[in-house]
Structure formats: C-alpha cells, structure tokens
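Chain by chain, the residues:
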Amino acid sequence: MAPRALIAGNWKMNMDRVSSEVLASALAQNVGSVAVDLAVCPPSVYLSPVSVVLGSSGVALGGQDCHTAQNGAHTGDVSPEMLADLGCTYVIVGHSERRTDHGESDADIRAKTTAALAAGLRAIVCVGESLAQREAGETLAVIAAQLAGSVPDADPAALVVAYEPIWAIGTGKVPTTGQIGEVHAFMRAQLRDRFGEGADAIRLLYGGSVKGANAAEIFAVNDVDGALVGGASLTAADFLPIVAALDAA
Ligand code: PGA
C-alpha cells in the first residue's frame, strides 16, 4: 500500500517569532481535513512558540537538523531528544545546505538519522545532485551513493527520503517530470534492494522550487509521495495551494 503523502515546509533561517506564530496559526486554521500529512520545520529557536500555536491542529512539527548525541558538550547543537521534547515528530537531516555549509558527510547524516529514529522522530533524509553532476551524467550514481551512505538500516515507516536536486533549490528551476520520475523510480528500486517490500513504506518527497503552479504535475509522477518545500512554505497563500494539490492527487 502506498504510504500516506507528506508535505513538509522547510522554513530554513527565515521568519521571526511573531511571523512564525502568524503563519502557524494560518496553517492550523486552514488545513481543514486534508488526507495528507503536513509538517512545518521552523528554526529551532521558534519551535516552542510554533508548537503552542499548532496545538492539536494536526500540523506536525519538525526540526531542520539534529546532533547525534542526546546531550553533552556540543555548543550550539540540538539533540533529537530535545526536538522530541518540544513536540517534534520529524527532523530534516542532510539537507544540501547542511552538506555544503557544515561539511556534513553521508556518514554524519547516517549517524544523525539513526539518532533521530532512536529518539522516536521520523527522519527526512535529503539527497540530490549538483548541476555539474547532472551534466556529467552522474545523477543516478550520486543518488545511489548518497542513499547507501546516508540512509541507515532502520524501520522504513520512520524514514522519509527527499530528492532535492541542488540546482533546483531556491532557483525557480524544476526538473522535468521525466527527470523526477527517473530518479524516484531509481530510489524506490535501490531501497527495495535493501529493505525488500518494506521500502514501499518509505515516503519519497520531491523538493526544489515546488510551487502551487507546478505541484499538481509533480505529484502526478509515480513514486512521488509528497514534497519538501522551502520558499513557498513561508506564507499560507503559497503553501496551502501545494497542500490542496497533493490532497487532490
Ligand atoms: P525551495 O527549497 O522550495 O525554496 O527550492 C526546497 C528545500 O531546500 O528544501
């Protein structure tokens, strides 16, 4: 059975306390009874106020990163247990901005994912090729290596994988549906090799310049189980049409 679809909003390092609460409130009041899972991932300092506003609306809360340790001498870091303590049920791990800005390796991301799952969170593990890698014909090899390196052997139901081509993030450039379909089918096949039929429980999100205007065609692609949305998750007016497109898919 296909897993329940998921849209996660990645607010990145945007918003302030008041605008976070206003957006969370607009989402909580307007998602209605959609048949998809929704999550927002605010900056860690705003998790607590957003959690209060979301209340029992059904919109889940996620972190944008976590450490591998439960606690200890790791200045500036946040543990998965701390995220869970604030009401998070998801955490994004290995976003390309973390891989680039903080030099995170596949091994780091695998360890973070393992720690997140141990804390009871679902992990959204990000993979994706650069433009140079795509132009060199290396896309599937890059994805295979990132999946093998970043995704631990774990309960498939707690795993989400987001395919985010780096060249599509924040650029307005979107792969063709054929290109998305090729990578998603490949990811499913790779995960089936490892997890058997259990791989079908792993939600495969597409991310990179998803908007209301392109959401429906992206969600119609086989093996696309939702989206990880950056820029268009920062206002309810941009985010809700994407939710509606997935709900209708
Ligand atoms: P974008 O970001 O929707 O702004 O392209 C997606 C992401 O980085 O998760």
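Note: the structure precedes this text.
Asker: Whenever I open this one, the overall build of the protein confuses me. Can you help?
Answerer: Within the protein one finds 10 helices and eight strands. When its C-alpha atoms are laid out on the principal axes, the protein stretches across 45 × 45 × 35 Å. The 249 residues of the protein split such that 49% are buried. In the protein, the proportion of contacts linking residues at least 24 apart, taken out of those at least 6 apart, comes to 72%. Accessible surface for the protein amounts to roughly 10500 Å². Of this, 53% is attributable to carbon and sulfur atoms. Averaging the locations of the 15 positively and 27 negatively charged side chains of the protein gives two centres separated by 1 Å.

Asker: It is not clear to me how the pairing of strand β3 (residues 59–63) should be interpreted in this structure. Could you clarify?
Answerer: Successive side chains on a regular strand alternate, one facing one side of the sheet and the next facing the other. The element β3 is extensively covered by neighbouring structure, given that five of its five residues are classed as buried. Neither face of β3 is exposed, since V59, L61 and G63 on one face and A60 and G62 on the opposite face are all buried. Relative to β3, strand β2 (residues 37–41) runs parallel, the two sharing three bridges. Following the sheet pairing, V40 is matched in β3 by L61. With helix α2 (residues 47–54) bridging β2 and the parallel β3, this β-α-β connection has right-handed handedness. Sheet topology places β3 next to strand β4 (residues 90–93); two bridges connect them, and they run parallel. Paired with G62 across the strands is Y90, a residue of β4. Handedness of the β-α-β unit built from β3, helix α3 (residues 80–85) and β4 comes out right-handed.

Asker: Please explain the site of the ligand as it appears in this structure.
Answerer: Contacts to the ligand come from 13 residues, most closely from K12, H95, E164, G170 and S209. Take E164: an N or O atom from its side chain is 2.7 Å from an oxygen atom of the ligand. The contact in question runs from an oxygen atom of the ligand to an N or O atom on the backbone of S209, over 2.7 Å. Protein chains shield 97% of the accessible area of the ligand, which is 290 Å² for the free molecule. Mapping the ligand onto the cavity grids shows that it belongs to the second largest pocket.

Asker: So what exactly am I meant to see when it comes to the layout of surface pockets here?
Answerer: A probe as big as a water molecule, rolled over the atoms, marks out the empty space that is left. The calculated volume of the largest pocket comes to roughly 550 Å³. Along the walls of the largest pocket sit 20 residues, with M13, Q64, D65, R98 and H102 positioned nearest its centre. Top element by residues in the lining of the largest pocket is helix α4 (residues 96–101). It accounts for three residues. Here the residues of the lining of the largest pocket are counted per class, giving six nonpolar, eight polar and six charged. The volume enclosed by the second largest pocket comes to roughly 180 Å³. Along the wall of the second largest pocket there are 19 residues; nearest its centre are K12, G170, V229, G230 and G231. Class assignment for the residues of the lining of the second largest pocket results in seven nonpolar, nine polar and three charged.

Asker: What's the story with the state of the cysteines in this structure? I'm lost.
Answerer: Disulfide: a covalent bond formed between the sulfur atoms of two cysteine residues. All told, the structure shown has zero disulfides when counted by the stated rule. No disulfide involves C126; its nearest neighbouring cysteine sulfur is the one of C41, lying 9.4 Å away. Overall, the relative accessible area of 2% leaves C126 in the buried class.

Asker: Just checking my understanding: could you explain helix α9 (residues 212–219) for this structure?
Answerer: Think of an α-helix as turning once every 3.6 residues; residues three or four places apart then point the same way. Listed in full, the buried residues belonging to α9 are N214, A215, I218 and F219. Within α9, the buried residues cover an arc of 130° as seen down the axis, which keeps them to one side. Counted as exposed and oriented over 90 degrees from the buried face of α9: A213 and E217. In the core, the buried residues of α9 are packed alongside β1 (6–10), α8 (177–195), β7 (203–207), β8 (226–229) and α10 (236–248).

Asker: Help me understand the pairing of β8 in this model?
Answerer: Neither face of β8 is open: one carries G226 and L228, the other A227 and V229, and all of them are buried. By the bridge criterion, four bridges tie β1 to β8 in an arrangement that is parallel. If you follow G9 over to β8, its bridge partner there is V229. Taken together, the two bridges between β7 and β8 define a ladder with parallel strand orientation. Following the sheet pairing, Y206 is matched in β8 by A227. Following the backbone out of β7, through α9 and into the adjacent parallel β8, one traces a crossover that is right-handed.

What counts as what
- Residues numbered from 1 in each chain as written.
- Predicted model: local features only at pLDDT ≥ 70, side-chain atom pairs only at ≥ 80, totals over all residues.
- Heavy atoms only, no water.
- Helix = DSSP H or I, 4+ residues; strand = E, 2+ residues; numbered from the N terminus.
- Buried < 20%, exposed > 50% of the residue type's maximum accessible area, 1.4 Å probe, protein only.
- Contact = heavy atoms within 4.5 Å.
- Areas by Shrake-Rupley, 256 points an atom, 1.4 Å probe, with all protein chains shown as cover.
- Lys, Arg positive; Asp, Glu negative; His and termini not counted.
- Charge placed at Lys NZ, Arg CZ, Asp CG, Glu CD.
- Pairing = 2+ DSSP bridges.
- Right-handed = clockwise from strand over helix to strand, strands pointing away.
- Near = heavy atom within 4 Å.
- Polar contact = N/O pair within 3.5 Å; in protein donor to acceptor, adjacent residues only side chain to side chain.
- 1 Å grid on protein atoms, 1.4 Å probe; cavity = no way out; pocket = protein on both sides within 12 Å on 5 of 7 lines; lining within 4 Å.
- Sits in = over half its atoms within 2 Å of the grid points.
- Points joined across faces, edges and corners; volume = space filled by probe spheres on them.
- Nonpolar A, V, L, I, M, F, W, Y, C, P; charged D, E, K, R; others polar.
- Disulfide = S-S within 2.5 Å.
- Arc of directions from axis to C-beta.

Bear in mind that shape data such as this cannot, by itself, settle questions of function.
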